[in-house]
2 protein chains.
Amino acid sequence: MKAVGGSRDALVVFSPSGKRGHFAPGTRVLDAAHGLGVDIDSICGGHAMCGRCQVEVTEGELAKLDIASSAANLSPPGEAEKQFLGDDCGRRRLGCRARIRGDVAIDVPPGSQVHKQVVRKPYEAHDIEINPVVELCFVELDPPRLGEVGGDLQRLVSALQRHWRYGELGCSLSALRQLQHVVREGDWQLTAAVRYGHEIVAVWPGLKQRVFGAAIDVGSTTLAVHLCDLRSGDVVACSGSMNPQIRFGEDLMSRVSYIMSNPGEDRELTRIVRLAINELITEVVVETGVEIDDIVELTIVGNPIMQHLVLGISPVELGHAPFTLANDESVDVLASELGLRINLGGHVYVLPCIAGHVGADTAGVMLAEAPFDRDDVSLIVDVGTNAELLLGNRQRLLAASSPTGPAFEGAQISSGQRATPGAIERVRIDRETLEPRFKVIGSELWSDAPGFAGSLPDGGITGICGSGIIEAIAELFLSGVVNADGRINSDGADRTQRIEKDGHGWSYVLYDGKPKVGICQHDVRAIQLAKASMYAGARLLMHRFGVDRVDRIRLAGAFGAHIDVTYAMVLGLIPDCSLDAVSSAGNAAGTGARIALLDGKSRALIEEQVRKVEKIETGAESDFQDYFVAAMTLPHESDSFPELGKAIELPQRTARPRRSVRRAPAHDGEAR
Amino acid sequence: MKAVGGSRDALVVFSPSGKRGHFAPGTRVLDAAHGLGVDIDSICGGHAMCGRCQVEVTEGELAKLDIASSAANLSPPGEAEKQFLGDDCGRRRLGCRARIRGDVAIDVPPGSQVHKQVVRKPYEAHDIEINPVVELCFVELDPPRLGEVGGDLQRLVSALQRHWRYGELGCSLSALRQLQHVVREGDWQLTAAVRYGHEIVAVWPGLKQRVFGAAIDVGSTTLAVHLCDLRSGDVVACSGSMNPQIRFGEDLMSRVSYIMSNPGEDRELTRIVRLAINELITEVVVETGVEIDDIVELTIVGNPIMQHLVLGISPVELGHAPFTLANDESVDVLASELGLRINLGGHVYVLPCIAGHVGADTAGVMLAEAPFDRDDVSLIVDVGTNAELLLGNRQRLLAASSPTGPAFEGAQISSGQRATPGAIERVRIDRETLEPRFKVIGSELWSDAPGFAGSLPDGGITGICGSGIIEAIAELFLSGVVNADGRINSDGADRTQRIEKDGHGWSYVLYDGKPKVGICQHDVRAIQLAKASMYAGARLLMHRFGVDRVDRIRLAGAFGAHIDVTYAMVLGLIPDCSLDAVSSAGNAAGTGARIALLDGKSRALIEEQVRKVEKIETGAESDFQDYFVAAMTLPHESDSFPELGKAIELPQRTARPRRSVRRAPAHDGEAR
């Protein structure tokens, strides 16, 4: 197995690695590859059972080898190979069966590499390298004999050390409990799942070829689970649901308020979110036919409050200054410790938090976007209840959270709603007539197209979502109905009946049906506050970083995916940047969870990067207030309306205990 | 804090360690001690809160210091010291308050040493050194400020690293869950329990001075829990109960048989034994007022089948050859993983097994007896359902298990019972008249003493226990009623009516009441088999070791504590040895569990020693059979009755699935 120089040994050249060495005739290709450290897959450990170590005979340019001579310099294919590769296997061979007879060039195709890459989706920043923390290892044990020393575990460990080159190995209690049954059911053949190269987490009889992991994104509004094949990296199923905690408060701070007013109720919020995650796992399991026991690893991202609640930690300290986290580092525990139902030996890795308001979700965004790998300066914005901001590059990275409030999500807006069917999501207003046209989620048509009414989803038009509000206000501004200081201009009432006044002030009616959907003065103010907060956070980070302009902007999350970048610029949500350098990053937090799931090395990477990030607490920075006030106007910051900003209370993120909150009855088993 | 040479620094000499160094004037005695590595206790870390670091000014002979000059060379006692030591504290000082002014000699009394020793009980082999794996550390944190980086855990960890010189520190999920509440309740002062110097397992507000551990002995018949103060080493309470698994079979193999016949029922045996352990823990907690959360560590000993069942591993493989253990190494898991209720961050350490029949209980015996620390050759016998044997010394240690069956415990004996009130435990038979006299557990009087009948426990005489059977048969042998080959001599029937015959053969009536208590031919045979097995095991080990005679014999367990050594010799249970070199080791397995609990270093020691033990599987050794046959006669081995041994079936330890076993109804919460 050792590479030895010498004229009688054969030269073996592997591509794409370029690794080469001399081996004694008769050496198996797989052993030669292992000897050179070539990345080549195998679960069965060279028993011609898994078919993972397929290689191709090829030409070796440097070594001046052609295919014909290469092929002739391997032992002819036997029965075992034909079983996997067909009778006419051509240039394909099994590495564990083909033996070297002379100089040969061997290609290890991507499918046979352990550390393959999952090609990124269009909106994703980079490919994912597959380095699962859990590896499958097939071994065959000798049956024990009377008087032999050591238990079955000791015999398994020594087989794994011998055939798979592991060092010290521990074992989960659950694998230990199953071990004796499993080895006997598999007639002394079994597959062990080894985590981080030092712990046996699970065992199966015989040869086990696939195990799975799930990446979990715990949002305050929605939960999402992606079930992934840990070896291929493929997403085999996904499921999502509303976060059942919503019944204790739409936004994060009202949930914290609820817990402050009802001590001990954090346990209920913990219970129901875990229950909902378990239901999502059950869904993907039922959909795919994957066994629960085949899921051996979880990763979780979520904002600090969600992260605390999933871990069973009360978030009350996150409800008031100084917003102290219980723990800002990653957490790696048995999934069963969190009541999450996967293989009992399976673990859950919760990504680190960055700061009191910048959580594991932002760590996920950071991992997905990898601004620390770039020279140009990125601004990455993840908009939820708060806007989490990352700014920087390879040299330096800053993070902050701006308290936007939930306006961008359609909450606390007169006709606002989440981005679900029935919500107005696109808006155009005629500059002359001030007549609107719009699009509704669930319909492909604009409201002025023939057949629009018939195309509407069941329930018709129900409200307006975040992207619709942004566009509506931007269009109203561009039409002169809303002026630079955010006031609805009552002059317009002369030009159209859509501008009307009620007890609360002026508003613009977009849709005069049931319900009536419009934009009122309060809505404009809410959006102004939110956008000023977000913009001020970005400016603060830019100031600290020492740039006036960023090279690119990435918008993460559902809001970032739906928003029309032009309107975001018109309203001044984001700093000036070339329009084509602004793009959506998709659900980057979820992508980050998936990366942490599939690429074990990414965990150390993100932990290191998170430690290096400079954390800016906007609430502690006096100039944030100045930027905020300056950013209240539409579309640009200006000194002309300072009184406006000062007159309006800043969005608060401090949770206030509420005296009486009606608690919705808890329905077991019904988390959504 | 650093020892520096130089004429202006003061010489400080510590006893009993003899450590000395020079320190700048003003240095605290505690810091000087820490600087020199002197073993001195402190929980509060030098805040004059715990009073643990009390020292005494003394004379330093080598340094020619007298008490007067020593005392004068310390700062005068202040208020804090007087609070702990009284106004007239004399030579006593608090190490964290007394400051060095000149040359001084300081004694650290045993009560102020961390690594003190618990003095052994008379039957115990050695003192126990206190090296608890869990240490209490008091720290004070600075309240967090807005914009400060890191969670409460990070601030706790860095305080522990700064003040207690720890390296990397993890944290249990349960401690993390409580952390924020605890630090605020304690007004930024808290005490952390740190395990093995690398994991925070529990936290309490303010100063916490005592934590506890429990040593658990899981016998097949009885369970015992010893609650110990982890710092003083004192046993503060103990409790015991019958093993509730008894309803599934008196002896181990019948329980395994039950599980083989009722697949999955191992879970029920696991459940009820854990429940019983939890009840015993509750008992000691209620008795002492200790909080459940103050128990942070458990150790468990038990035979392999008990050990497997407590861990939740089916013992079916231990029911038939080759008697393969799932695992023979120690196990260290969260107590909650075994469903044992102590502090949620607390762990349980299960001692290693030695071989398929030689379990963690024998490892406990080995740790308690420490034959590996002696030059003379010890034979240590732990009699239960099997007899576990250890033989050897510093150079070499051998272990085996002899399948004695439960006869020594009074089971499968016509009038046999456990050693509980009402059982005949001592027997004498007049050589002439063949009239017996006996003692009964629960009474102080012999049966021929006046007032005996009135002294009997409620229920009167109920049967005969192991030690009574041994003595009865030995006395019958000495009286000539039983001859050397174990036959009850019918000639005796002419001399006394106590020798009678029924359908099964001759028997001797000890007590002609209700119930009638006697010794029948079958009983003599059962004891012959048991003693031959035990003796043969010892001879086999002696032969392997290469000795004809051992230097000392230690009898462990309840049987060893009750048996009269002379009668054991008469019957030939143990090899020849000077009578005064035979002694009881008490419940050495339980003592071993207590040592593993109190002295963390003992764990590595016993793991290392267990690995080195030569394991002898009696069933695999052909000469065991020869020794067994030779040992059937009374009292000594002899060649004259080989046919006897061959005619009798060897005791079996293979479990046979039983077709129908009536299962007692399970009563929740009622384990005994």
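Here, residues in each chain are numbered from 1, in the same order as that chain's written sequence. As a convention, the first chain written is A and the first ligand written is 1, with the rest following in written order. In keeping with the predicted nature of the model, local features appear solely for residues at pLDDT of at least 70, side-chain atom pairs appear and are counted solely at 80 or more, and the whole-chain, interface and lining totals rest on all residues. Neither water nor hydrogens contribute to the side-chain values; these are computed over all heavy atoms in the structure.

Draft legend 1. Spotlight on unusual backbone geometry. The peptide bond linking Ala321 of chain A to Pro322 of chain A adopts the cis configuration, its omega dihedral lying at 5°. Considering the arrangement of structural elements, one finds Pro322 of chain A in the loop between helix 8 (304–311) and strand 16 (331–334). Of note, the amide linkage connecting Ser15 of chain B to Pro16 of chain B takes the cis form, showing an omega dihedral of 5°. Runs of E in the DSSP output that reach at least two residues are strands. Runs of H or I that reach at least four are helices, and both are numbered from the N terminus. Along the chain, Pro16 of chain B turns up in the loop between strand 1 (10–15) and strand 2 (20–23). Although it is not a glycine, Asp187 of chain A sits at a positive phi angle of roughly 50°. Within the fold, Asp187 of chain A resides in the loop between helix 5 (173–185) and strand 10 (189–195). Whether a residue is buried, partly exposed or exposed follows from its accessible area with a 1.4 Å probe, protein chains only, as a fraction of its type maximum: under 20%, in between, or over 50%, in that order. Residue Asp187 of chain A is classed as exposed on the basis of its relative accessible area of 55%. Unusually for a residue other than glycine, Leu434 of chain B sits at a positive phi of about 65°. Turning to its location among the elements, Leu434 of chain B is positioned in the loop between strand 21 (423–429) and strand 22 (436–440).

Draft legend 2. Region of interest: helix 8 of chain A. Residues and elements named next belong to chain A. Most of helix 8 sits out of view: 8 of its 8 residues are buried. Within helix 8, the full set of buried residues consists of Pro304, Ile305, Met306, Gln307, His308, Leu309, Val310 and Leu311. Here a polar contact means two N or O atoms within 3.5 Å. Within protein one must be a hydrogen donor candidate and the other an acceptor candidate, and residues neighboring in sequence count only if both atoms are side-chain atoms. For helix 8, the side-chain oxygen to backbone nitrogen distance between the N-cap and Ile305 is 3.1 Å, and the N-cap itself is Asn303. Among the residues trailing helix 8, Gly312 stands out with phi positive, at a value near 85°.

Draft legend 3. Spotlight on the pattern of salt bridges. Whenever Lys or Arg places a side-chain nitrogen within 4 Å of a carboxyl oxygen from Asp or Glu, that contact is recorded as a salt bridge. Going through the model one piece at a time under the given rule, you end up with 68 salt bridges over all chains. Two residues, Arg544 of chain B and Asp623 of chain B, come together in a salt bridge whose shortest N-O distance is 3.2 Å. Residue Arg544 of chain B is located in helix 12 (residues 521–545), and its partner Asp623 of chain B is located in helix 17 (residues 622–630); the two are separated by 79 residues in the primary sequence. The buried category is assigned to Asp623 of chain B, whose relative accessible area is 18%. Linked through salt bridges whose partners overlap, the residues forming this network are Asp152, Arg155 and Arg184 of chain A together with Glu317 of chain B.

Draft legend 4. Summary view of the pairing of strand 18 (residues 378–383) of chain B. Residues and elements named next belong to chain B. Among the 6 residues of strand 18, 6 are classified as buried, and the element is accordingly described as predominantly covered. The alternating pattern of strand 18 places Ser378, Ile380 and Asp382 and Leu379, Val381 and Val383 on opposite faces, both of which are buried. Strand pairing follows a simple DSSP-based rule, namely that at least 2 bridges must link the two strands. In sequence, strand 18 turns back onto strand 19 (residues 387–392) through a hairpin of 3 residues. Relative to strand 27 (residues 552–556), strand 18 is paired through 5 bridges, and the arrangement is parallel. Bridging across to strand 27, Asp382 finds its partner in Ala556.

Draft legend 5. Highlighting the interface of chain A and chain B. Taken together, the contact pairs 40 residues of chain A with 40 residues of chain B. By definition, the buried area sums, over both parts, the 1.4 Å-probe accessible area that each loses when the two are put together. Across the chain A/chain B interface, buried area totals approximately 3,200 Å², and carbon plus sulfur atoms make up 61% of it. At the surface where chain A touches chain B, the tally comes to 2 salt bridges. A salt bridge links Arg184 of chain B to Glu317 of chain A, with the nearest nitrogen and oxygen atoms 2.9 Å apart. Taken together, the connections running from chain A to chain B amount to 21 residue pairs in polar contact (both at pLDDT 80 or more). When residues of the side of chain A that touches chain B are traced back to their parent elements, those giving at least two are helix 4 (152–164), helix 5, helix 8 and strand 16 of chain A. Looking at which element gives the most residues to the side of chain A that touches chain B, the answer is helix 5 of chain A, with 6 residues. Considering only residue class, the side of chain A that touches chain B consists of 18 nonpolar, 11 polar and 11 charged. Pairs of residues are marked as contacts when any of their non-hydrogen atoms sit within 4.5 Å. Polar here means any residue other than Ala, Val, Leu, Ile, Met, Phe, Trp, Tyr, Cys and Pro, which are nonpolar, and Asp, Glu, Lys and Arg, which are charged; Gly is therefore polar.

Draft legend 6. Region of the structure containing the relation of the copies chain A and chain B. Only residues with pLDDT of at least 70 in both copies contribute their C-alpha atoms to the least-squares superposition of the copies. At an RMSD of 0.1 Å, chain A and chain B line up after a rotation of 180° and a shift of 0.0 Å along the axis. Those values place the two copies in the arrangement expected of a two-fold rotation axis. In terms of proximity to the rotation axis, the leading residue of chain A is Glu337 of chain A, whose C-alpha is 4.5 Å off the axis. The fraction of interface residues of chain A whose copies in chain B are also interface residues reaches 100%, indicating that both copies meet through the same surface.

Draft legend 7. Main features of the confidence of the model for chain A. Residues and elements named next belong to chain A. For every residue, the predictor assigns a confidence score, pLDDT, that lies between 0 and 100. Averaged over every residue, the pLDDT of chain A is 88; the share at 70 or more is 93%. A low-confidence stretch, residues 1–7 (pLDDT under 50), is modelled with 15 contacts involving residues beyond four sequence positions or located in other chains. Every residue in residues 636–651 is under pLDDT 50, and counting partners more than four places away or in other chains gives 28 contacts. Prediction confidence for the complex, expressed as pTM and ipTM, is 0.87 and 0.86 respectively.

Draft legend 8. Region of the structure containing the packing of helix 11 (residues 466–478) of chain B against helix 12 of chain B. Residue and element names in this part refer to chain B. To define axes, lines are fitted to C-alpha atoms, for helices over the stretch in contact only, and angles between the resulting N-to-C directions are given on a 0 to 180 degree scale. Two elements in contact, helix 11 and helix 12, have axes whose closest approach is 11 Å; the angle formed by their N-to-C orientations is 105°. The orientation of helix 11 with respect to helix 12, classified from their angle, is roughly perpendicular. Listed contacts from helix 12 to Ile469, Ile470 and Ile473 of helix 11 are Asp523, Val524 and Ile527. Within the contact of helix 11 with helix 12, the residues separate by chemical class into 5 nonpolar, no polar and 1 charged. Working rule for angles: under 35 degrees goes down as roughly parallel, over 145 as roughly antiparallel, 65 to 115 as roughly perpendicular, anything else as oblique.

Draft legend 9. How the structure looks around empty space enclosed by the protein. A pocket, in this scheme, is an open set of points on a 1 Å grid over the protein atoms alone with protein on both sides within 12 Å along at least 5 of 7 lines, while a cavity is a set where a 1.4 Å probe fits but cannot get out; residues line either one if an atom lies within 4 Å of a point. Grid points are joined across faces, edges and corners, and a volume is the space filled by probe spheres set on the points. For the structure shown, the criterion picks out 5 cavities of 30 Å³ or more. Size it by volume and the largest cavity reaches roughly 220 Å³. Forming the walls of the largest cavity are 23 residues, and the residues nearest its centre are Phe323, Ala355, Gly356 and Glu617 of chain A together with Glu148 of chain B. In terms of residue class, the lining of the largest cavity is made up of 9 nonpolar, 8 polar and 6 charged. Volume-wise, the second largest cavity comes out at about 180 Å³. Looking at the second largest cavity, it is lined by 17 residues, and the ones nearest its centre are Glu148 of chain A together with Pro322, Phe323, Ala355 and Gly356 of chain B. Residue composition of the lining of the second largest cavity, by class: 8 nonpolar, 4 polar and 5 charged.

Draft legend 10. Inspection of the packing of aromatic side chains at higher detail. Classification of ring pairs uses Phe, Tyr and Trp, with its six-membered ring standing for Trp, and accepts pairs whose centres are within 6.5 Å; under 30 degrees between planes counts as stacked, over 60 as edge-to-face, and the remaining range as tilted. Throughout the structure, instances matching the rule amount to 8 aromatic pairs over all chains. Relative to Phe452 of chain B, the ring of Phe438 of chain B lies with its centre 6.0 Å away and its plane at 80°, an arrangement referred to as edge-to-face. Of the two residues, Phe438 of chain B is situated in strand 22 and Phe452 of chain B in helix 10 (residues 452–455); the sequence distance between them amounts to 14 residues. The burial state of Phe438 of chain B is the same as that of Phe452 of chain B; both residues are buried. Residues Phe438 of chain B and Tyr511 of chain B carry aromatic rings whose centres are separated by 6.2 Å and whose planes lie at 80° to one another, so their mutual orientation is edge-to-face. Residue Phe438 of chain B is found in strand 22, and its partner Tyr511 of chain B is found in strand 25 (residues 505–512); the two are separated by 73 residues along the sequence. An aromatic cluster of at least three residues, connected via ring pairs, comprises Phe438, Phe452 and Tyr511 of chain A. Stacked on the ring of Trp446 of chain A, the Lys or Arg Arg437 of chain A has its end atom at 4.7 Å from the ring centre. A ring has a charge above it when a Lys NZ or an Arg CZ is no more than 6 Å from the ring centre and no more than 35 degrees off the ring normal. Above the ring of Tyr349 of chain A, the side-chain terminus of Arg603 of chain A is found at 4.5 Å from the ring centroid.

Draft legend 11. Geometry of the packing of helix 9 (residues 360–369) of chain A against helix 15 (residues 588–598) of chain A. Residue and element names in this part refer to chain A. Where helix 9 contacts helix 15, the two axes come as close as 7 Å, and the packing angle between them is 75°. Classified by the angle between their axes, helix 9 and helix 15 sit roughly perpendicular to one another. Residues Asp361, Gly364, Val365, Leu367 and Ala368 of helix 9 touch helix 15, and the partners they reach there are Ala588, Ala589, Thr591, Gly592, Ile595 and Ala596.

Draft legend 12. Seen up close, the nonpolar core. Among the nonpolar cores identified, the biggest contains 75 residues, and Phe408, Ile424, Ile464, Ile470, Ile527, Leu573 and Ile574 of chain A are the most heavily contacted of them. If one sorts the elements of this core by residue count, helix 12 (residues 521–545) of chain A sits on top with 14 residues. Setting aside anything within four residues of it in sequence, one finds Ile424 of chain A in contact with Phe438, Lys439, Val440, Ile461, Gly463, Ile464, Cys465, Gly468, Leu510, Tyr511 and Val517 of chain A. To qualify as a nonpolar core, a set must consist of buried Ala, Val, Leu, Ile, Met, Phe, Trp, Tyr and Cys residues joined through side-chain atoms within 4.5 Å. Ala400, Val481, Val482 and Phe559 of chain B belong to the second-largest nonpolar core, a separate cluster that totals 74 residues.

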